[in-house]
Amino acid sequence: TSIDPVIKDPSRAEYHAFEWIVNLDTMMLCPDSSHLYQRFILALLYIETGGVNWSICTESNHDECKDGEPFMSGAHECRWVGIDCNIQRQVTGIHLDKSNLVGNLPSQLGDLDNLVELVMDDNSITGGIPTTFGKLASLQVIDLDSNKLSGEIPLELYNASSLRVLDLDSNLLTGVVSPLMGQ
């Protein structure tokens, strides 16, 4: 099998998330594990948004962990702080507001098929809103206000048919809200 060229590029966050999964993750998931890809995506989120500098439960401030385990720990990713899962241990919520996230949102978040809530307000998230969020049929809440997101709201986002809350104020977004909103 061929490996995605992005994973071979040491300048990319995907490379570092892959390296962590393969070489450092003490959970040592088998390649056929149903949770391997979601664990990779959450590791990628951590790396892409400067996780080592987050203000919540990290390896460097582990004593502050009250509501979960640090990201990138050997614990199941459903136990990582800010992550909610269903009974099948599929990620349903990411709640990392006011946590000092700095950087871009990985487009791979759009592959978390069971994601219902994405709450990351009051951070320093930059870049655009990934078009892949439109694939999230279960997504009900996007709360990304008070960040530094730029560009337009992608039209693909209006395909998220369960979306009920879209909170994007206090960003650097441009353009107009599509008349598709609410459909």
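This is a predicted model, so every value here is computed, not measured. (Residues numbered from 1 in each chain as written. Predicted model: local features only at pLDDT ≥ 70, side-chain atom pairs only at ≥ 80, totals over all residues. Heavy atoms only, no water.)

Let's talk about the packing of helix α1 (residues 13-24) against helix α2 (residues 36-48)
Link 1 in the chain: The contact between α1 and α2 brings their axes to 9 Å, and the two run at 130°. Relative to α2, α1 is oriented oblique. Here α1 runs over α2; the crossing is right-handed. Here Ala13, Glu14, His16, Ala17, Phe18, Trp20 and Ile21 of α1 lie close against α2, whose contacting residues are Leu36, Arg39, Phe40, Ala43, Leu44, Ile47 and Glu48. (Axes fitted to C-alpha atoms, helices over the stretch in contact; angles between N-to-C directions. Helix = DSSP H or I, 4+ residues; strand = E, 2+ residues; numbered from the N terminus. Parallel < 35°, antiparallel > 145°, perpendicular 65-115°, else oblique. Left-handed = near helix turned anticlockwise from the far one by under 90°. Contact = heavy atoms within 4.5 Å.)

Considerations on unusual backbone geometry
Link 1 in the chain: Here Arg89, not a glycine, exhibits a phi torsion of approximately 65°, which is positive.
Link 2 in the chain: Mapped onto the fold, Arg89 is located in the loop between β1 (83-85) and β2 (91-95).
Link 3 in the chain: We classify Arg89 as partly exposed; its relative accessible area is 38%.
Link 4 in the chain: In this structure, Asn100 is a non-glycine residue whose phi angle is positive, near 65°.
Link 5 in the chain: With respect to the helices and strands, the residue Asn100 is situated in the loop between β2 and β3 (102-104). (Buried < 20%, exposed > 50% of the residue type's maximum accessible area, 1.4 Å probe, protein only.)

Thoughts on the pattern of salt bridges
Link 1 in the chain: Counted under the stated rule, the structure contains five salt bridges.
Link 2 in the chain: Across the pair Glu77 and Arg39 runs a salt bridge whose closest N-O atoms are separated by 3.0 Å. Of this pair, Glu77 sits in the loop between α2 and β1 while Arg39 sits in helix α2; the two residues are 38 residues apart in sequence, bridging distant segments of the chain.
Link 3 in the chain: Classification of Glu77 as buried rests on a relative accessible area of 0%.
Link 4 in the chain: When its relative accessible area of 0% is taken as the criterion, Arg39 is described as buried.
Link 5 in the chain: With a closest N to O distance of 2.5 Å, Lys135 and Asp111 form a salt bridge. Of this pair, Lys135 sits in the loop between β5 (124-127) and β6 (141-143) while Asp111 sits in the loop between β3 and β4 (117-119), and the two are 24 residues apart along the sequence.
Link 6 in the chain: Note on Asp111: relative accessible area 26%, which makes it partly exposed.
Link 7 in the chain: Each of Asp25, Arg39 and Glu77 takes part in a single network of salt bridges with overlapping partners. (Salt bridge = Lys/Arg side-chain N within 4 Å of Asp/Glu carboxyl O.)

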